Amino acid sequence: MRVKILRQETPISKPYWQEFTYEKKENETVAGVLTKLNYKDDLVDVNGKRAPRIQWECSCLQGMCGACAMVINHRPALACETFLKNLRGDTLILEPLSKFPTIADLVVDRTIIQENLKKANSYIESYAGADDREYDQMYTAAKCLKCGLCMEVCPNYKGGKSFYGAAFANDCYLIAKRSQTREKEIKITYRNSFEKGCSKSLSCTDVCPMHIQTLWSIASLAR
């Protein structure tokens, strides 16, 4: 199979495509492909040209950290959870998430996610017990990896300057439900930084590796 990767050496250098050949194994993940390509000391592309090791991020390799988020065959996904047997064709196309600044190859800077949470003063302050009917959604929403897949696929997210994305909405929901003192304040921030910009395409729920139902969070905050 062919592995086609959009590469970029530095944050300011020009991106370029580079292709590699790889012996496809159906039960292997995209993370496994990248690991084996980088294992070679003499990595060469399809033209026989020596290539530097591919820059990408990983940690748990079990779908629990979100570090390996990237665009795989034109769809945002986690490399560790994407199996070759589930992809069509004999070409694997890998690109970095486009909604975040590229650091190198498939590594992007997702600092904006945490910075926006800090700007919104996203903290509970005084804990309050929640309604029993909210427990399932609260548990699921708290699993958010901050991987950025929801931002990548969102038609409204343009870099996080005014519209903060689905991950922010779910955090607002958790704070509003668990705080004794900050529910009103966080709902105002939510309306200004999410609700006004969301067109409710709900593409975020389609790509979320934790299967977070953002619509539930939106509905709860709108009550």
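Our structure's up above, just so we're on the same page.
Everything numeric in this text was worked out from a predicted model, so none of it was measured.

J.: Tell me about the sheet that holds strand β1 (residues 2-7), and please be specific about residues and values.
T.: Each strand in a sheet pairs with another by means of backbone hydrogen bonds, the pair being arranged parallel or else antiparallel. With mixed pairing, the 5 strands of this open sheet are ordered in space as β2-β1-β5-β3-β4. Strands with a single pairing partner mark the edges of an open sheet, and in this sheet they are β2 (16-21) and β4 (75-78). Geometrically, the sheet is characterised by an average inter-axis angle of 30° between neighbouring strands, direction not taken into account. Where strand β3 (residues 69-72) lies against β4, 4 bridges are found, and the strand directions are antiparallel. Bridging across to β4, Val71 finds its partner in Pro76. Contacts from helix α1 (residues 30-39) reach β1, β2, β3 and β5 (91-95) within the one sheet, and its direction differs from that of β5 by about 85°.

J.: Any chance you could break down the environment of Cys60 for me, citing the residues and the numbers?
T.: Tracing the backbone shows Cys60 in the loop between α1 and β3. For Cys60, a relative accessible area of 23% corresponds to the partly exposed category. For Cys60 and Cys80, which are 20 residues apart along the polypeptide, the C-alpha to C-alpha distance reads 8.8 Å.

J.: Quick rundown of the layout of surface pockets? Include the residues and the values.
T.: Of the voids in this model, the largest pocket is the one considered here, and its volume is about 270 Å³. Lining the largest pocket are 18 residues, with Arg75, Pro76, Ala77, Leu78 and Thr82 positioned closest to its centre. Counting only elements with at least two residues in the lining of the largest pocket, the list comes to β4 and α7 (203-207). Here the lining of the largest pocket gets 4 residues from one element, more than from any other, and that element is β4. Class assignment for the residues of the lining of the largest pocket results in 10 nonpolar, 5 polar and 3 charged.

J.: How would you explain the nonpolar core if you had to name every residue and give the values?
T.: Judged by nonpolar contacts, the single largest core of 66 residues is most densely connected at Val3, Val30, Leu34, Met70, Leu92 and Leu94. Examining the composition of this core, we find that 9 residues originate from one element, helix α5 (residues 166-178), more than from any other. Non-local contacts of Val3, meaning those with residues more than four positions away in its chain, are made with Gln18, Glu19, Phe20, Tyr22, Val33, Leu37, Leu92 and Leu94.

J.: Would you mind going over the packing of aromatic side chains in detail, with residue names and values included?
T.: Evaluated as defined, the whole model comprises 4 aromatic pairs. For the pair Tyr164 and Phe168, a centre-to-centre distance of 4.9 Å together with 85° between the ring planes defines the contact as edge-to-face. Residues Tyr164 and Phe168 agree in their burial class; the two are buried. Relative to Phe194, the ring of Tyr190 has its centre 5.5 Å away and its plane inclined at 25°; by these criteria the two rings are stacked. Of this pair, Tyr190 and Phe194 are both found in helix α6 (residues 183-195), 4 residues apart, which corresponds to roughly one turn of the helix. Among the aromatic side chains, those forming a connected cluster through ring pairs are Phe163, Tyr190 and Phe194. For Lys4, the ring lying beneath its charged end belongs to Trp17, and the centroid distance is 4.9 Å. Taking the ring centre of Phe83 as reference, the NZ or CZ of Lys85 above it sits at 5.6 Å.

What counts and how
Each chain has its residues counted from 1, running along the sequence as written. Residues qualify for local features only when their pLDDT is at least 70, as the model is predicted, and side-chain atom pairs are given and counted only at 80 or more; totals for whole chains, interfaces and linings, by contrast, use all residues. Side-chain measures here rest on the full set of heavy atoms in the structure, leaving out hydrogens and waters. Following DSSP output, two strands are said to pair if at least two bridges run between them. By the criteria applied, helices consist of DSSP H or I runs no shorter than four residues and strands consist of E runs no shorter than two, each listed in order from the N terminus. Only the stretch in contact is used when fitting a helix axis, every axis being a line fitted to C-alpha atoms; angles between N-to-C directions are given from 0 to 180 degrees. Note on definitions: a residue-residue contact is assigned when non-hydrogen atoms from the two residues lie within 4.5 Å. Working definition: with a 1.4 Å probe on protein chains only, accessible area under 20% of the residue-type maximum means buried, over 50% means exposed, and in between means partly exposed. Only protein atoms enter the 1 Å grid used here, on which a cavity is any set of points holding a 1.4 Å probe that cannot leave and a pocket is any open set flanked by protein within 12 Å on both sides along at least five of seven lines; residues with an atom within 4 Å of a point are listed as lining. Grid points are joined across faces, edges and corners, and a volume is the space filled by probe spheres set on the points. By the convention adopted, Pro, Cys, Tyr, Trp, Phe, Met, Ile, Leu, Val and Ala count as nonpolar, Lys, Arg, Asp and Glu as charged, and the other residues, Gly among them, as polar. Here, nonpolar core means buried Ala, Val, Leu, Ile, Met, Phe, Trp, Tyr and Cys residues that are tied together by side-chain atoms lying within 4.5 Å of each other. Ring pairs shown here join Phe, Tyr and Trp side chains whose ring centres sit within 6.5 Å, with only the six-membered ring taken for Trp; geometry is labelled stacked below 30 degrees between planes, edge-to-face above 60, and tilted in between. Ring-over charges, as used throughout, are those where CZ of Arg or NZ of Lys falls within 6 Å of the ring centre and within 35 degrees of the ring normal.

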